[in-house]
Amino acid sequence: MTSADTSSRLHRLLGAARRIVAFTGAGISTESGIPDFRSDDGLWRRMRPIDFQDFLASEEMRRESWRRKAVSDSTLEMAKPNRGHLALCTLHRLGHLQSVITQNVDGLHQRSGIPAEQVIELHGNATYAACLGCGERHELAPIFERFRATGDPPLCELCGGIVKSATISFGQAMPAVAMARAEQETSSCDLFLVLGTSLVVYPAAGFPRIAKIHGAKLVILNREPTDQDHLADLAIAGEIGPVLGGVVETLAREPGAARH
Ligand code: NAD
């Protein structure tokens, strides 16, 4: 298939859909300058992620985790939604997109203009922290200020519990409410649009199959092929910004594109 054929098939599928659910991974944010984990230049080539049990068990691991976060947060703060995020926001504005299920923790879908209640975060959010004891939300700026001054990992002033970035680490349970909502959205969409995820980590990697079982069309757009491409009505090996952005920008210019 030529890239023109691919684009016109993607255009037809997106244009016809009324309840698109996008399922995004780290790949949608690489064009914003946030590295993914599994690509050749990804973060895993540089450091191993800290497992949740190690974080709980060792103060030194918690210190290391906050040290790393101080570095990675400067990249997150600079990052802006890119053409891929904006394309999804346009699909939402036109009434084609029902929700976004994301494995990302960068908050860029919300910053692109998609209402927060329509973004389901499976791996939490790195832009704030939470107490593992009482659940109290903690803002990052005062944590970093104290951490820089003392080098001590933060504790909750309310209950004395361990404070952690509000993200889900390896070895930590998936958030039950977000998972249930994600399954519900996946089962009720008419097009499941997978963007920038290698689809290797379960349970999230099971969503495309759930969408297909419930009768949705499946589109997978990823830089490299995935193991689930054979399930897809359209699988595209390409870059999200140019491919999705190009098609959605064309769609938005057409009369009658809005579904409202
Ligand atoms: P992943 O397994 O979902 O892999 C990312 C995929 O995106 C890779 O297959 C890569 O080829 C593809 N990709 C990269 N840039 C792309 C582009 N411009 N267009 C199309 N495809 C592209 O994710 P991961 O990198 O292994 O990360 C694992 C988990 O770590 C994530 O699920 C997330 O929780 C967390 N993480 C989050 C962020 C973020 O919030 N931006 C960044 C890194 C890791």
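First things first, this report covers the structure right here in the doc. (Residues numbered from 1 in each chain as written. Predicted model: local features only at pLDDT ≥ 70, side-chain atom pairs only at ≥ 80, totals over all residues. Heavy atoms only, no water.)

The helix and strand inventory of the chain stands at nine helices and nine strands. Over its C-alpha atoms the chain spans a radius of gyration of 19 Å, differing by no more than 12% from the 18 Å that the globule rule assigns to 260 residues. Seen along its three principal axes, the alpha-carbon backbone of the chain occupies a region of about 60 × 35 × 30 Å. For the chain, the proportion of its 260 residues judged to be buried stands at 48%. The contacts in the chain between residues at least 6 apart in sequence include a share of 69% that link residues at least 24 apart. On the chain, roughly 12,600 Å² of surface is accessible, and the fraction owed to carbon and sulfur atoms is 54%. In the chain, 28 positive and 30 negative side-chain charges are present, and the distance between their average locations comes to 4 Å. (Helix = DSSP H or I, 4+ residues; strand = E, 2+ residues; numbered from the N terminus. Rg over C-alpha atoms; globule rule 2.2 N^0.38 Å. Buried < 20%, exposed > 50% of the residue type's maximum accessible area, 1.4 Å probe, protein only. Contact = heavy atoms within 4.5 Å. Areas by Shrake-Rupley, 256 points an atom, 1.4 Å probe, with all protein chains shown as cover. Lys, Arg positive; Asp, Glu negative; His and termini not counted. Charge placed at Lys NZ, Arg CZ, Asp CG, Glu CD.)

Bringing the site of the ligand into the picture now. Taken together, 25 residues lie near the ligand, and Phe37, Arg38, Gln103, His123 and Ser198 sit nearest. Within the contact set of the ligand, an oxygen atom lies 3.0 Å away from a side-chain nitrogen or oxygen of Thr197. In this structure, a nitrogen atom belonging to the ligand sits 3.0 Å away from a side-chain N or O atom of Glu239. Coverage of the ligand by the protein chains reaches 95% of its 850 Å² of free accessible surface. Its residues assigned to classes, the shell around the ligand shows six nonpolar, 12 polar and seven charged. (Near = heavy atom within 4 Å. Polar contact = N/O pair within 3.5 Å; in protein donor to acceptor, adjacent residues only side chain to side chain. Nonpolar A, V, L, I, M, F, W, Y, C, P; charged D, E, K, R; others polar.)

Let us look at the packing of helix H3 (residues 59–78) against helix H6 (residues 140–150). H6 packs onto H3 with a crossing angle of 120 degrees between their chain directions and a minimal axis gap of 11 Å. Taken as axis vectors, H3 and H6 run oblique relative to one another. In this structure, H3 crosses over H6, and the sense of that crossing is left-handed. Across the interface between the two elements, Arg63, Trp66, Arg67, Lys69, Ala70 and Asp73 of H3 pack against Leu140, Ile143, Phe144 and Phe147 of H6. A per-class count over the contact of H3 with H6 returns six nonpolar, no polar and four charged. (Axes fitted to C-alpha atoms, helices over the stretch in contact; angles between N-to-C directions. Parallel < 35°, antiparallel > 145°, perpendicular 65-115°, else oblique. Left-handed = near helix turned anticlockwise from the far one by under 90°.)

Structurally, the position occupied by Asn104 is in the loop between strand S2 (97–102) and helix H5 (108–111). Among the polar contacts listed, one links the side chain of Asn104 to the backbone oxygen of Gly25, at a separation of 3.0 Å. Within polar-contact distance, the side chain of Asn104 engages the backbone nitrogen of Ala26 at 2.9 Å. Setting aside chain neighbours within four positions, we find Asn104 in contact with Thr24, Gly25, Ala26, Ile28, Ser29 and Gly124.

Taken as a whole, this structure holds three aromatic pairs when the rule is applied. Ring centres of Trp66 and Phe144 lie 5.9 Å apart, and the angle between their planes is 75 degrees; this geometry places the pair in the edge-to-face category. Separated by 78 residues along the polypeptide, Trp66 in helix H3 and Phe144 in helix H6 bring together distant segments of the chain. Residue Trp66 is classed as buried on the basis of its relative accessible area, which comes to 1%. An aromatic cluster is present here, built from Phe23, Phe192 and Phe207 joined pairwise through their rings. Seen from the ring of Tyr128, Arg137 lies directly overhead, with NZ or CZ sitting 3.9 Å from the centre. Above the ring of Phe55, the side-chain terminus of Lys164 is found at 6.0 Å from the ring centroid. (Phe/Tyr/Trp six-rings, centres within 6.5 Å; stacked < 30°, edge-to-face > 60°. Lys NZ or Arg CZ within 6 Å of the ring centre and 35° of its normal.)

It is worth spelling out helix H9 (residues 240–253) at this point. Each α-helix winds once per 3.6 residues, and so residues spaced three or four apart point in a common direction. Helix length check: H9 (14 residues) gives 19 Å between terminal C-alpha atoms against 20 Å at 1.5 Å per residue, within 8%. Those residues of H9 lying buried are Ile240, Gly241, Leu244, Gly245, Val247, Val248 and Leu251. In this structure, the buried side of H9 is in contact with helix H1 (3–16), helix H4 (83–93), strand S7 (191–195) and strand S8 (217–222). (Expected span 1.5 Å × (residues − 1).)

What follows covers the environment of Ala79. Its location among the elements puts Ala79 in the loop between H3 and H4. In this structure, Ala79 is in contact with Ser32, Ile34, Leu108 and Arg111, ignoring residues within four places of it in sequence.

To continue, consider the layout of surface pockets. When its volume is computed, the second largest pocket comes out at roughly 250 Å³. Taken together, 13 residues line the second largest pocket, and the ones lying closest to its centre are Gly124, Asn125, Ala166, Thr167 and Ile168. Residue composition of the lining of the second largest pocket, grouped by class: six nonpolar, five polar and two charged. (1 Å grid on protein atoms, 1.4 Å probe; cavity = no way out; pocket = protein on both sides within 12 Å on 5 of 7 lines; lining within 4 Å. Points joined across faces, edges and corners; volume = space filled by probe spheres on them.)

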